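Topology and contacts: notes
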Amino acid sequence: LPPGTRLNESALCDRLGASRTPLREAFRRLAAEHLVELQPNRGAQVVSLSDDDIRESFEVMGALEALAGERACRQVTPEEVAEVKALTFEMLACHARRDLPAYYRINRLIHQCINRAARNALLTQVYSNLNQRIENLRFRSNFDQLKWDKAAREHSQMVEALEARDGARLGAILRNHLHEKCQAVLEGRRLEREARDAEAAE
């Protein structure tokens, strides 16, 4: 659902076949995860992140990804390295076909594999919670073809660093990977605002 969308309780109850009590409990949980805003007498709506929210979220996610990469290089098994390599090969094939939805689905699995190989349950939990907040933005950052091409190349570099058990290199690649995505998201939002302003001025 787009940022700022109001959540109609009646419509959602009908759609999900649920009563209002569990739906409101779900809203409270989503609010605790900063995915939904609860407004007095106005109900719930999807969180609309500011540029600063996005910048801060990607900065923290970059640090989490880097930590996961560094730890993974110390803990990863040969089987896990082979899994990440196979997924990356499959993902790059999706990139070659320009199949962005399939690319992103596999991309997410790769990052999850690296995170799991870090062997830190709290890191995985915090990572998962924050990733829910910005997941759709990570996807949108690949709408620009040149940025998508660069992101794909970075994934090949990630595999090389993981296979070499080079934690410092993998951590740096992951941190920069998230920084680049953040910049792409903010640039996209700026262009969207400019387009809306130009349309309103006509």
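This text follows the structure it describes.
What comes next is a walk through the structure. Numbering of residues starts from 1 in each chain and follows the order in which that chain's sequence is written. With the structure being a predicted model, the display of local features is reserved for residues of pLDDT at least 70 and the display and counting of side-chain atom pairs for 80 or more, all residues being used for whole-chain, interface and lining totals. Side-chain calculation: all heavy atoms of the structure are included, whereas hydrogens and water are not.

Some details on the packing of helix α5 (residues 100-117) against helix α6 (residues 121-140)
- Packing of α5 against α6 brings their axes to within 12 Å, and their N-to-C directions diverge by 160 degrees. Taken together, α5 and α6 sit at an angle that is classed as roughly antiparallel. For α5 against α6, the interelement crossing comes out right-handed. Between α5 and α6, the residues in contact are L100, P101, Y104, R108, H111 and N115 and L123, T124, Y127, E135, R138 and F139, respectively.
- For the contact of α5 with α6, the class distribution of residues is six nonpolar, three polar and three charged. Angles shown run from 0 to 180 degrees and are taken between the N-to-C directions of axes, each axis being a line fitted to C-alpha atoms and, for helices, limited to the stretch in contact. The numbering of helices and of strands both runs from the N terminus, where a helix is a DSSP run of H or I of at least 4 residues and a strand a run of E of at least 2. Working definition: roughly parallel below 35 degrees, roughly antiparallel above 145 degrees, roughly perpendicular at 65 to 115 degrees, and oblique for all remaining angles. Two helices crossing with the near one rotated counterclockwise from the far one by less than a right angle form a left-handed crossing, whereas a clockwise rotation gives a right-handed crossing. Whether two residues are in contact is decided by their heavy atoms: any pair within 4.5 Å suffices. The residue classification treats Ala, Val, Leu, Ile, Met, Phe, Trp, Tyr, Cys and Pro as nonpolar and Asp, Glu, Lys and Arg as charged. All others, Gly included, are polar.

Brief notes about the environment of L92
- Tracing the backbone through its elements, the reader meets L92 in helix α4 (residues 78-97).
- Whether a residue is buried, partly exposed or exposed follows from its accessible area with a 1.4 Å probe, protein chains only, as a fraction of its type maximum: under 20%, in between, or over 50%, in that order. You can call L92 partly exposed: its relative accessible area is 27%.
- For the pair L92 and A18, spaced 74 residues apart in sequence, the C-alpha to C-alpha distance is 41 Å.
- Leave out the neighbours within four places in its chain, and L92 touches A152 and S156.

Concerning α6
- Helix length check: α6, at 20 residues, gives a terminal C-alpha distance of 28 Å against a target of 28 Å (1.5 Å per residue), a fit within 8%.
- To get the bend at any residue, fit one axis to the seven residues that end at it and another to the seven that begin at it, then take the angle between the two axes. Within α6, the axis deviates most sharply at I134, by approximately 55 degrees.
- Those residues of α6 not exposed but buried are L123, Y127, L130, N131, I134, E135, L137 and R138.
- For α6, the secondary structure elements touched by its buried residues are α3 (51-75), α5 and α8 (167-201).
- Counting of polar contacts relies on pairs of N or O atoms within 3.5 Å, with two restrictions inside protein: one atom must be capable of donating a hydrogen and the other of accepting it, and residues adjacent in sequence are counted only when both atoms are side-chain atoms. Measuring from the side-chain oxygen of the N-cap residue of α6 to the backbone nitrogen of L122 gives 3.2 Å; that N-cap residue is N120. A helix is expected to reach a length of 1.5 Å times the quantity of its residues less one.

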